[in-house]
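# Observations on chain architecture
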Amino acid sequence: EIKHWYPEHNLKRAEEFIKKAKAKGAQVVVFPEDFITGPVRGEKEFVDFKSKYRKHFQNLAKKYKIDIVVGSWIEGKRTGWYNTCHYIDSDGKVKGTYRKINLWLTERWYLTHGNNICVFNTKYGRVGLAICWDLAFPEIFRKMARMGVKIVYCTSLWYLTEKGKVYENYAENKHVDALCTARAFENEIILVYCGAVGKIQKGKYTELTLGRSQITAPLIGPLKKLEHNKEEMFIQEIDTTILKKAERGYRIRNDLK
């Protein structure tokens, strides 16, 4: 649960979760989009221009000997402000950096979209990164599949009360569930979706976040899914041999060649 515009509070709680995850035997820990500051929406004082958050999590990864998908925050560069996610391994090395390509509607007036797909090798397999609204664009995942990706981590802050509420109050739940399952099936990947929870204050209005963190796989669908938007951590072991079984059955990767 994000405390909006209180980065020190959120960083402290993140370390508590890392420590707890390591104690329970986790090898990779994943955080949601915008989890350090909450949505920035143009407030320059909450933009990281000196990579201080990245360095902070590099130190935590080394301290607890665990790989970290650091969610995302806004990084300031000479070319613009980017919604950025890093994968940091247990030695504190940055294995992959991704700048969000598909910006949500309200991000576009102050953020610059990224241009590059991010796929890289880790000790747990070939990994890709995505952020929130990217989930609605199968082209990104197809490109990652062609680059040999096996596991995609999608960090997210998705609102429960978005456009779908015009037709149905909980339509966004269905959208995210469907997209997570579809992306895993059509690309023969393990998809790890980590969604922010709680309430975000937008001026006079309060938006509810979606939550619904889940891990999906081909042949099976959800391996584990939280059916709510309340704060919770879960540990899930993943057997990636299911990807080989999916390829033997569907031959999607073979057809991509």
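Below is a summary of the structure that appears in this document. These figures come from a predicted structure and were not determined experimentally.

Rules behind the numbers
Note that residues are indexed from 1 along each chain, following the sequence as it is written. Whole-chain, interface and lining totals are the exception, using all residues; otherwise, since this is a predicted model, local features are given only for residues with pLDDT of at least 70 and side-chain atom pairs are given and counted only at 80 or more. Calculation of side-chain values draws on the structure's entire complement of heavy atoms; hydrogens and water are dropped beforehand. Here a helix means four or more residues in a row that DSSP labels H or I, a strand means two or more in a row labelled E, and each is numbered from the N terminus. The buried label goes to any residue with under 20% of its type's maximum accessible area, the exposed label to any with over 50%, and the partly exposed label to all in between, with areas taken from a 1.4 Å probe on protein chains only. Contact definition: two residues touch when any of their heavy atoms are within 4.5 Å. In this analysis, a patch consists of residues with relative accessible area above 30% that form no salt bridge, clustered at 9 Å for like charges and at 5 Å for the nonpolar side chains Val, Leu, Ile, Met, Phe, Trp and Tyr. Only the protein chains shown count as cover for residues, and the accessible areas themselves come from Shrake-Rupley with a 1.4 Å probe. Any Lys or Arg side-chain nitrogen located within 4 Å of an Asp or Glu carboxyl oxygen qualifies as a salt bridge. His is not counted here, nor are the chain ends, while Lys and Arg score as positive and Asp and Glu score as negative. A charge is said to be at NZ when it belongs to Lys, at CZ for Arg, at CG for Asp and at CD for Glu. We treat two strands as partners when DSSP finds at least two bridges between them. Angular values range over 0 to 180 degrees, each being the angle between N-to-C directions of two axes fitted as lines to C-alpha atoms, with helices fitted over their stretch in contact. Defined by distance alone, a disulfide is two cysteine sulfur atoms within 2.5 Å. The crossing is said to be left-handed when, going from far helix to near helix, the turn is anticlockwise and less than a right angle, and right-handed when the turn is clockwise. Residue classes follow a fixed rule: Ala, Val, Leu, Ile, Met, Phe, Trp, Tyr, Cys and Pro count as nonpolar, while Asp, Glu, Lys and Arg count as charged, and any other residue, Gly among them, counts as polar.

Note on placement: leucine 157 falls in the loop between strand E8 (151-156) and helix H4 (171-187). Classification of leucine 157 by relative accessible area gives buried; the value is 7%. In this structure the C-alpha to C-alpha distance between leucine 157 and tyrosine 193, which are 36 residues apart in sequence, comes to 10 Å. Apart from residues no more than four positions distant in its own chain, leucine 157 is found in contact with Ile2, Glu33, Asp34, Pro39, Cys132, Ala196 and Thr209.

Another aspect to go through is a positive patch on the surface. Together, Lys22, Lys62, Lys65, Lys93, Lys95 and Lys123 line one region of the surface with positive charge. Mapped onto the fold, lysine 95 is located in strand E5 (residues 94-99). Among the residues examined, lysine 95 registers a relative accessible area of 30% and is labelled partly exposed.

Read across the open sheet, the 6 strands follow the order E6-E7-E8-E9-E12-E13; overall the sheet is mixed. Strand pairing shows two members of the sheet lacking a second neighbour, strand E6 (119-122) and strand E13 (221-225), which therefore form its edges. Sheet twist, expressed as the mean angle between neighbouring strand axes with direction ignored, is 25°. Sheet topology note: the strand E9 (residues 190-195)/strand E12 (residues 214-217) ladder contains 3 bridges and is antiparallel.

Let's shift gears to the state of the cysteines. Per the counting criterion, the structure on display carries 0 disulfides. We note that cysteine 118 lacks a disulfide partner, and the nearest cysteine sulfur, in cysteine 85, lies 8.0 Å from it. Considering cysteine sulfurs only, cysteine 154 is the nearest to cysteine 180, which forms no disulfide, with 6.8 Å between them.

As a further point, take the packing of helix H3 (residues 138-146) against H4. At a minimum axis separation of 10 Å, H3 and H4 run at an interaxial angle of 35°. As H3 packs across H4, the resulting crossing turns out to be right-handed. Between H3 and H4, the residues in contact are Pro138, Phe141, Arg142 and Ala145 and Arg183, Glu186 and Asn187, respectively. For the contact of H3 with H4, the per-class residue count stands at 3 nonpolar, 1 polar and 3 charged.

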